[in-house]
Amino acid sequence: MKMHSELRKHIIDFLNKGLRLDGRAPLEYRKPIKVEYDISKSAEGSARVQIGGTLLMAGIKLSLEKPYPDTPDAGNLMCGAELIPMANPEFELGAPGLQAIELGRIVDRGIRESHVIDTKKLCITPGEKVWGISIDLIPINDSGNLFDASALAALAALKNTRLPKLENEKIDYLTRTDEPLPLSDAEPVSVTVCKIGSHFIIDPTEEEEKVIDARLTVASMKDGTLCALQKGGEETLTSEDIDKMIGIAVEKANELRAAL
Amino acid sequence: MTYNKRLDGRKLDETRPIEAKVGIIERADGSAIFKIGQTIAYAAVYGPRNLYPKFMQDPQKGILRVNYNMMPFSGHGERVRPGGSRRAKEISMVTEKALLPVIDLSDFPNAVVDVFIELPQTDAGTRCAGICAAAMALADAGIMMKDLVSAVAVGCIDGTVIADLNYDEEAFEGKVADIPVAILPNSGEISLLQMDGEVSQENIKDAIELAKKVTKNIYEIQKQALKDKFKVGE
């Protein structure tokens, strides 16, 4: 944090005047918020999300798997993020680091706990064979706020997914059917609210991310129900802070949903 | 039986539709996208920048480092496990060698120029698409270059020489040779040549000649994409 103390002071000076370095209001998303579907025909479903300068892809691959012992009649879900060095000069090749693991897991929980996927319908033979859904999240350009972009891209890619053809209990990946995944209209998306000094901001740029005190990622559904939370950052939050941040996140989530 | 009608109706020397764009990744020093048919390659260049660990540094000149990667959802069949395979490592290496002859890093001792190639969607010809994208990205990053590099996979099916095989042609039941070629368009020199399959000595000559012809057109597309980025006015 000390490394960026000048930057932090500068950002807080601006926020005291109600402004961000890029001219935005504290609770304003960058523009455009754009979702493109079917950006990879090799995937069973895919999407590319743009929030301002941040670009991120999500792709879905389906496979036939053995169900987990505790859910013998439900499909499997896996969600991972790869912070490839293409997207940010600070990312390195190799096994996923903590940042990538946290990102993948937050998105995973938002999707899983919202029950947006009716996994029971993905069971083929109980205890034997179920559909496995793999969600891969890959930033192309990281100009900040990969959390919100990832959750939005994951949902968009799930919506874009069509099941491949099954033949003798084997997948014919080259033939897609018209059948979508069994999705509810819960539409879980995440909004990350950051605290810096006494200020709250959303959609941090990569510069702002370096100097925030704390962040709260809130995954919520269309009806306002929360489905995952993750507090990050080095400083604490008060319960009043959390109350405020959740309020902001639930309201702002609609702006992301509008892009779907 | 001779293969004289292509599966997708293209002429023998016709590539799939090509699109190229330069400067698509803001944070990179140079970047480009190259699409040929259903194959899409992104390339980003970072550097010259410091190279660590130190023992990898070359005190005479900067080094070029290429990483080729297929995204987990970019394959024709099952999910590709992330983390790099032997295939990806080899392609990274030959791509590096394909690009190295055109760039001059003598002004940057101890530094590295990193090239990252990522494929979100593939339908054969990925290493060539990656090389085309990477050459544009290097130019976009302002790296000193004496030429671009243009690449295409030519091939030979049952004695017929064709340009830019797609996946269906690679998988064609017959004698198929897949021949990726990278060419320095101004000198005509070849910086990448691989082949797998079966091909006669005569056919390989014709195939390389065809690659030279086809890459002329690819070169024009790459050049135009670079010019479009640096256009003044508008």
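Draft legend 1. The arrangement of the overall build of chain A in detail. Looking only at helices and strands, chain A has 5 helices and 12 strands in total. For a compact globule of 260 residues, the expected C-alpha radius of gyration is about 18 Å, and chain A comes in at 19 Å, within 12% of that figure. With 260 residues in all, chain A has 44% of them scored as buried. Taking as baseline every contact in chain A between residues at least 6 positions apart, the subset at least 24 positions apart corresponds to 68%.

Draft legend 2. Here's a closer look at the environment of K146(B). By the secondary structure assignment, K146(B) is in the loop between α2 (126-140) and β6 (150-157). Each C-alpha atom, one on K146(B) and one on P101(B), is 8.6 Å from the other, the two residues being 45 residues apart in sequence.

Draft legend 3. Here's a closer look at the interface of chain A and chain B. Every contact between the two is made by 30 residues of chain A and, on the other side, 26 residues of chain B. Listed by contribution, the elements that provide at least two residues to the side of chain A that touches chain B are β3 (54-65), β6 (129-141) and β8 (170-180) of chain A. Residue composition of the side of chain A that touches chain B, by class: 15 nonpolar, 10 polar and 5 charged.

Draft legend 4. The arrangement of the sheet that holds strand β3 (residues 39-50) of chain B in detail. Residue and element names in this part refer to chain B. Across the sheet, which stays open at both edges, the 5 strands sit in the order β1-β2-β3-β5-β4 with mixed pairing between neighbours. Each having just a single partner strand, β1 (18-22) and β4 (63-70) make up the two edges of the open sheet. Across the sheet, the axes of successive neighbouring strands diverge by a mean angle of 15 degrees, strand direction being ignored. The pairing of β1 with strand β2 (residues 30-36) spans 5 bridges and is classified as antiparallel. Among the inter-strand pairings, A20 is bridged to a residue of β2, identified as F34. The strands that α2 touches are β1, β2, β3, β4 and β5 (111-121); relative to β2, the one it contacts most, it runs at about 150 degrees. The sheet contacts of helix α4 (residues 201-229) involve β1 and β2, and relative to β1 the element is tilted by about 35 degrees.

Draft legend 5. Here's a closer look at the pairing of strand β8 (residues 176-183) of chain B. Residues and elements named next belong to chain B. The buried count for β8 comes to 7 of 8 residues, which makes it a mostly enclosed element. Pairing analysis gives 2 bridges linking β8 to strand β10 (residues 196-197), with the strands arranged antiparallel. For D178, the partnering residue across the bridge sits in β10 and is D196. Here β8 pairs with strand β9 (residues 190-193) via 3 bridges, running antiparallel. Along β9, the bridge assignment pairs I183 with I190. Between the end of β8 and the start of β9, which pair antiparallel, lie 6 residues, with G188 showing a positive phi angle near 80 degrees.

Draft legend 6. Geometry of the confidence of the model for chain B. Residues with a pLDDT of 70 or more make up 99% of chain B, whose mean pLDDT is 95. Predicted complex metrics record ipTM = 0.92 and pTM = 0.95.

Draft legend 7. Geometry of unusual backbone geometry. The linkage connecting G47(B) with the following residue, P48(B), adopts the cis geometry, with an omega of 5 degrees. Relative to the assigned elements, P48(B) resides in strand β3. Note the cis peptide between Y52(B) and P53(B), where omega equals -5 degrees. Looking at the secondary structure, you find P53(B) in the loop between β3 and β4. We note that N168(A) has phi near 50 degrees; this positive angle belongs to a residue other than glycine. Residue position: N168(A) is located in the loop between β7 (162-167) and β8. In this structure N168(A) comes out as exposed when scored by C-beta crowding, with 5 C-beta atoms within 10 Å. With a phi close to 70 degrees, A124(B) is a non-glycine residue in the positive phi region. Tracing the chain through its elements places A124(B) in the loop between β5 and α2.

Rules and cut-offs
- Residue positions are given per chain, counting from 1 as you read along its sequence in written order.
- Lettering of chains starts at A and numbering of ligands starts at 1, both following the order in which they are written.
- Whole-chain, interface and lining totals are the exception, using all residues; otherwise, since this is a predicted model, local features are given only for residues with pLDDT of at least 70 and side-chain atom pairs are given and counted only at 80 or more.
- Working definition: helices are DSSP H or I runs of at least four residues, strands are E runs of at least two. Numbering for both runs from the N terminus.
- Throughout, the radius of gyration refers to the C-alpha atoms, and the reference size of a globule is 2.2 Å times the residue count to the power 0.38.
- Buried, partly exposed and exposed are defined by the number of other C-beta atoms within 10 Å of a residue's own C-beta, namely 20 or more, between the two limits, and 12 or fewer respectively, with C-beta atoms placed from the backbone.
- Any two residues are considered in contact once their C-beta atoms, placed from the backbone, lie within 7 Å.
- By the convention adopted, Pro, Cys, Tyr, Trp, Phe, Met, Ile, Leu, Val and Ala count as nonpolar, Lys, Arg, Asp and Glu as charged, and the other residues, Gly among them, as polar.
- Note on pairing: two strands pair once DSSP finds at least 2 bridges between them.
- With axes taken as lines fitted to C-alpha atoms, and helix axes fitted only over the stretch in contact, angles between N-to-C directions fall between 0 and 180 degrees.
- Residue-level confidence of the predictor is summarised by pLDDT, bounded by 0 at the bottom and 100 at the top.

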